[in-house]
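Here is how the chains run, residue by residue.
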Amino acid sequence: MGPIRGFKRRKKAADKKVVDQNVLPSSAAVASSLGSQPQPLDWWDEFSKRISGTLSQSKDSKSFESVFRISRKTFDYICSLVKEDMMARQSSFTDLNGKPLSLNDQVAVALRRLSSGESLSIIGDTFGMNQSTVSQITWRFVEAMEERGLHHLNWPSTEAEMEQIKSKFEKIRGLPNCCGAIDITHVVMTLPTMDPSNNVWFDREKNYSMILQAVVDPEMRFRDVIAGWPGSLSDAIVLRSSGFFRLSEEGKRLNGKKLNISEETDIREYIIGDAGFPLLPWLFTPYQGKGLSDLQVEFNKRHAATRMVAQMALARLKEMWRIIHGVMWMPDKNRLPRIILVCCLLHNILIDLEDEVLDDMSLSHHHDTGYRRQNCESLDKSALIMRDKLSLYLTGKLPP
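Residues numbered from 1 in each chain as written. Predicted model: local features only at pLDDT ≥ 70, side-chain atom pairs only at ≥ 80, totals over all residues. Heavy atoms only, no water.

Looking at an unreviewed UniProt entry, one finds the chain named Nuclease HARBI1, with Theobroma cacao as its source organism. Note on the chain: under the UniProt heading Sequence similarities (unreviewed entry), the record states "Belongs to the HARBI1 family." Listed in UniProt under the heading Cofactor (unreviewed entry), the comment for the chain reads: "a divalent metal cation". (UniProt positions renumbered as here; feature names shortened; annotations may be inferred.)

Asks: Can you help me understand empty space enclosed by the protein in this one?
Replies: One water molecule sets the probe size; rolling that probe over the atoms shows where empty space is left. Evaluation of the coordinates by the stated rule reveals 1 cavity of 30 Å³ or more. Here the largest cavity is characterised by a volume of approximately 40 Å³. If you go around the largest cavity, the residues you meet are Arg316, Met320, Trp321, His347, Leu350, Ile351, Leu358 and Met361. Among the elements of the structure, helix 12 (294-320) and helix 13 (336-352) are those that each provide at least two residues to the lining of the largest cavity. Top contributing element to the lining of the largest cavity by residue count: helix 13, with 3 residues. In terms of residue class, the lining of the largest cavity is built from 6 nonpolar, 1 polar and 1 charged. (1 Å grid on protein atoms, 1.4 Å probe; cavity = no way out; pocket = protein on both sides within 12 Å on 5 of 7 lines; lining within 4 Å. Points joined across faces, edges and corners; volume = space filled by probe spheres on them. Helix = DSSP H or I, 4+ residues; strand = E, 2+ residues; numbered from the N terminus. Nonpolar A, V, L, I, M, F, W, Y, C, P; charged D, E, K, R; others polar.)

Asks: Can you walk me through the pattern of salt bridges in this structure?
Replies: Oppositely charged side chains may form a pair once their charged atoms are brought near each other. Summed over all chains, the structure comprises 25 salt bridges. Where Glu84 meets Arg148, a salt bridge forms, and the shortest distance between an N and an O atom there is 3.5 Å. Placement of the pair is Glu84 in helix 5 (residues 72-88) and Arg148 in helix 8 (residues 131-148), with a sequence separation of 64 residues. Overall, Glu84 belongs to the exposed group, its relative accessible area being 55%. With its nearest N and O atoms 2.7 Å apart, the salt bridge here joins Arg338 to Glu146. Here Glu146 lies in helix 8 and Arg338 lies in helix 13, a separation of 192 residues in the sequence. Taking relative accessible area as the criterion, Arg338 reaches 32% and is therefore assigned partly exposed. Residues joined by salt bridges that share partners form a network here, namely Glu161, Lys168, Asp217, Glu219, Arg221, Arg223 and Asp352. (Salt bridge = Lys/Arg side-chain N within 4 Å of Asp/Glu carboxyl O. Buried < 20%, exposed > 50% of the residue type's maximum accessible area, 1.4 Å probe, protein only.)

Asks: Whenever I open this one, the side chain of Asp217 confuses me. Can you help?
Replies: Looking at the secondary structure, you find Asp217 in the loop between strand 2 (208-216) and strand 3 (222-230). A polar side-chain atom of Asp217 sits 2.9 Å from the main-chain amide nitrogen of Glu219. Within the structure, Asp217 has its side chain in polar contact with the side chain of Arg223 (distance 3.1 Å). In this structure Asp217 touches Ile165, Phe169, Arg223 and Val309, once residues within four positions along its chain are discounted. (Polar contact = N/O pair within 3.5 Å; in protein donor to acceptor, adjacent residues only side chain to side chain. Contact = heavy atoms within 4.5 Å.)

Asks: How should I be thinking about the nonpolar core in this particular structure?
Replies: Burial of nonpolar side chains together is a common tendency in soluble globular proteins. One finds Phe68, Ile70, Val107, Leu111, Phe141, Met145 and Trp321 to be the most contacted residues of the largest nonpolar core, which totals 108 residues. The element best represented in this core is helix 13, accounting for 11 residues. Those residues in contact with Met145 that sit more than four places away from it in its chain are Ile78, Leu81, Val82, Leu150, Val342, Leu345, Leu346 and Ile349. (Core = buried A, V, L, I, M, F, W, Y, C linked by side-chain atoms within 4.5 Å.)

Asks: Would you mind showing me how to read the packing of aromatic side chains here?
Replies: Centre distance and the angle of the planes are the two values used to describe a pair of aromatic rings. According to the stated counting rule, one finds 18 aromatic pairs in the structure shown. Through pairs of rings, three or more aromatic residues link up here, namely Trp43, Trp44, Phe47, Phe64, Phe68, Phe75 and Phe127. Looking at Arg72, its charged tip hangs above the ring of Phe64, at a distance of 5.7 Å from the centre. Looking at Arg335, its charged tip hangs above the ring of Trp139, at a distance of 4.1 Å from the centre. (Phe/Tyr/Trp six-rings, centres within 6.5 Å; stacked < 30°, edge-to-face > 60°. Lys NZ or Arg CZ within 6 Å of the ring centre and 35° of its normal.)

Asks: I would appreciate a short explanation of the pairing of strand 2 in the present structure.
Replies: Within a regular beta strand, the side chains point alternately toward one face of the sheet and then the other, so they alternate between its two faces. Within strand 2, 9 of the 9 residues are buried, which leaves the element mostly enclosed by the surrounding structure. Both faces of strand 2 are covered, namely the face carrying Tyr208, Met210, Leu212, Ala214 and Val216 and the face carrying Ser209, Ile211, Gln213 and Val215. As paired elements, strand 1 (residues 178-190) and strand 2 share 9 bridges and run antiparallel to each other. Bridging across to strand 2, His186 finds its partner in Ile211. Sheet analysis places strand 2 next to strand 3, joined by 7 bridges and oriented antiparallel. Across the sheet, residue Gln213 finds its bridge partner in strand 3, namely Ile226. Taken together, strand 2 and the strand that follows it, strand 3, pair antiparallel across an intervening segment of 5 residues, in which Met220 is found at a positive phi of about 65 degrees. (Pairing = 2+ DSSP bridges.)

Following this line, the structure appears as structure tokens:
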């Protein structure tokens with residue numbers, strides 16, 4: 001995470017001067033003077049007065065956290081991130097009364113749009129501006145976040161950082177040398193059925209959808225994401241089409257310390273995924289089929305408990321940033337992947353800043369309601385052997 005600017009140090013006096021105490025006002029006089037002058041209102045005090053419509057009737061409409069679903073500290077940090085890009089271009093963004101919209105105003109509009117998932121017209125009615133203004137501000141915010149917030153989503157760059165991730169994964173249910181959990185979710189859309197070009201988005205559950213693939217760390221932070229593939233594609237095809245797959249196959253990722261589990265066996269760094277993914281030397285999936293041995297059942301239990309972090313991360317993403325929750329009405333399919341990315345960046349920022357709003361959120365692992373688990377039969381024979389040996393190692397039955 002990038003550094004957050006702190007308060008400026010007080011400027012030291014350039015020279016010492018003898019001050020006649022008799023000419024200074026008393027502290028009581030200063031307090032009296034300040035009390036008689038109107039103090040400037042906080043931005044939120046002013047902005048909250050503009051809220052109208054159904055939101056204004058809510059008992060929580062005056063609570064910053066309930067309106068934007070993040071803390072004020074996080075909001076201020078996001079403003080500092082996008083300030084340069086959002087204010088660099090001259091804009092004529094105003095409310096319906098012709099009042100120019102400040103940086104805070106614009107960020108508030110964009111965050112409400114992303115976090116509530118409400119339509120442009122509802123957001124416009126709520127904050128007193130044209131829906132076209134809401135649309136333009138939201139898109140400018142998305143562009144600025146892409147430019148300034150990408151450092152919040154990265155693959156671990158040091159051995160120490162990766163070792164910490166491995167340690168935390170192992171503490172969940174004992175899987176050693178695990179570097180991530182991968183999962184896929186669908187962003188459901190409403191598209192014109194009469195347009196044949198939309199058929200590619202029609203998925204197995206008879207929805208139009210776009211896929212988000214994510215690799216997650218033990219703290220539910222996204223470490224690698226890809227969005228934009230049509231929902232008609234299988235999880236395995238999306239994986240094989242991703243940059244993560246290429247880097248891992250080329251040995252440029254998951255190429256750190258190997259785990260020696262016996263005299264003849266080393267386990268390379270790996271991630272875990274469900275049965276919809278292929279079994280690979282760097283991607284361990286659960287055992288499939290009936291009549292599994294006790295050893296295999298035990299491995300699957302550990303695997304499922306550890307993989308849960310990816311499911312919870314995607315569930316929280318959709319719950320927190322509701323623009324990608326439910327069914328999106330006629331989205332721009334070229335812009336949607338970028339909106340999904342920014343939602344992932346915002347998800348990570350809340351974790352990086354330890355936003356206290358997260359403490360009040362319930363955890364769920366249901367992020368793809370209505371979607372059945374896929375099964376991939378593809379496997380690498382060497383990975384099959386490694387998974388068996390890892391299963392033996394976990395139960396203490398692997399010969400030294």
